[in-house]
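# Breakdown of the fold
So the chains spell out like this:
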Amino acid sequence: KEFMTYIHRYDDQKITIYTLENSNVRIYKGGTEIENDNLSSNLRKEYNLSDVEEETIRILSTENILITIQGENGNDFRPLISMDDEIYSPGNSQYGYILINSDAAGIEITESCSDNTSKTYYTKSEKGYIDNLSHQDILYKGSSCVYNVDGNYKIAGSSFADSNGYDSISYLPKNYFQKITPIPFETNY
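A brief look at the structure comes next. (Residues numbered from 1 in each chain as written. Predicted model: local features only at pLDDT ≥ 70, side-chain atom pairs only at ≥ 80, totals over all residues. Heavy atoms only, no water.)

## Digging into the pairing of strand 2 (residues 13-19)
- Among the seven residues of strand 2, five are classified as buried, and the element is accordingly described as predominantly covered.
- Across seven bridges, strand 2 lies against strand 5 (residues 43-49) in antiparallel orientation. Considered in strand 5, the bridge of Ile 17 is made with Lys 45. (Buried < 20%, exposed > 50% of the residue type's maximum accessible area, 1.4 Å probe, protein only. Helix = DSSP H or I, 4+ residues; strand = E, 2+ residues; numbered from the N terminus. Pairing = 2+ DSSP bridges.)

Set out below in structure tokens:
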């Protein structure tokens, strides 16, 4: 299992991992391994990361895990989603990033959006992510887009700074979509 995210802001981040099975979990800052843990099943563990603003974070696990990440004071809280070859954005906020599990240059990532526009991006050597995505707007008003990568590569994505309060969101692969969402009748919001 592989997860990646770009840290757009906040030097200090907290990663929370919940293991569903016995797992070896490795955390990387850029290309450097900073944690290597053997975790038993049904365990919740927090990792406090420092000096990670404008860095990529990569997490590898041998088994199924759940992950969240957040900046200072809980800002930019989001779940991390397993990397996939196709991911969907709900509309990019002011800063969107697509990460790829390779440092190679020239890998093609395509963007197809709900306003019928499309664009092709190419990775740059040793960068590990693409920024300056199309349709950046406040409050996710921009078009929704799907991103694809070919070959044996996987991508992840997230947006930051929606303009009204420290929000962030992870992009999802299609297998997380559903057509029916049950809502309990007796719920307080």
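Having seen it, we continue.
## Examining unusual backbone geometry
- Even without being a glycine, Asn 42 presents a positive backbone phi close to 55°.
- Positionally, Asn 42 belongs in the loop between strand 4 (32-39) and strand 5.
- One non-glycine residue, Glu 54, lies in the positive phi region at around 65°.
- Its place among the elements puts Glu 54 in the loop between strand 5 and strand 6 (56-61).
- A relative accessible area of 55% means that Glu 54 is categorised as exposed.

## Brief notes about empty space enclosed by the protein
- Taken as a whole and assessed by the stated rule, the structure comprises two cavities of 30 Å³ or more.
- Here the largest cavity is characterised by a volume of approximately 80 Å³.
- Taken together, 15 residues form the lining of the largest cavity, with Met 4, Ile 81, Ala 156, Gly 157 and Ser 170 sitting closest to its centre.
- Split by residue class, the lining of the largest cavity holds ten nonpolar, five polar and no charged.
- In this model, the second largest cavity occupies a volume close to 30 Å³.
- Taken together, Tyr 6, Ile 7, His 8, Arg 9, Tyr 10, Gln 13, Asp 76, Arg 78 and Phe 160 make up the full set of residues lining the second largest cavity.
- In the lining of the second largest cavity, the residues fall into four nonpolar, two polar and three charged. (1 Å grid on protein atoms, 1.4 Å probe; cavity = no way out; pocket = protein on both sides within 12 Å on 5 of 7 lines; lining within 4 Å. Points joined across faces, edges and corners; volume = space filled by probe spheres on them. Nonpolar A, V, L, I, M, F, W, Y, C, P; charged D, E, K, R; others polar.)

## Section: the nonpolar core
- Within the largest apolar cluster, 16 residues are counted, with the highest numbers of intra-cluster contacts made by Ile 15, Ile 17, Ile 27, Ile 57, Ile 59 and Ile 67.
- For this core, the secondary-structure elements that each account for two or more residues are strand 2, strand 3 (23-29), strand 5, strand 6 and strand 7 (65-70).
- Here the element with the most residues in this core is strand 7; it accounts for three residues.
- With near-sequence residues (within four places) excluded, Ile 59 lies in contact with Lys 1, Glu 2, Phe 3, Ile 15, Ile 17, Val 25, Arg 26, Ile 27, Ile 65, Ile 67 and Leu 80.
- Of all hydrophobic cores here, the second largest spans 13 residues; its members include Ile 87, Ile 98, Cys 113 and Tyr 171. (Core = buried A, V, L, I, M, F, W, Y, C linked by side-chain atoms within 4.5 Å. Contact = heavy atoms within 4.5 Å.)

## Focus: the packing of aromatic side chains
- All chains considered together, the criterion is met by three aromatic pairs.
- Residue placement shows Arg 58 over the ring face of Tyr 28; its charged tip is 5.8 Å from the ring centre. (Phe/Tyr/Trp six-rings, centres within 6.5 Å; stacked < 30°, edge-to-face > 60°. Lys NZ or Arg CZ within 6 Å of the ring centre and 35° of its normal.)

## Notes on the sheet that holds strand 14 (residues 145-149)
- Strand order in this open sheet of four strands is 9-14-11-12, and the pairing throughout is antiparallel. The sheet is open, and its two edges are formed by strand 9 (86-89) and strand 12 (118-122), each paired on a single side. Taken pair by pair, the neighbouring strands of this sheet meet at an average axis angle of 20°, ignoring direction.
- Note that strand 11 (residues 108-113) and strand 12 share five bridges and pair antiparallel. (Axes fitted to C-alpha atoms, helices over the stretch in contact; angles between N-to-C directions.)

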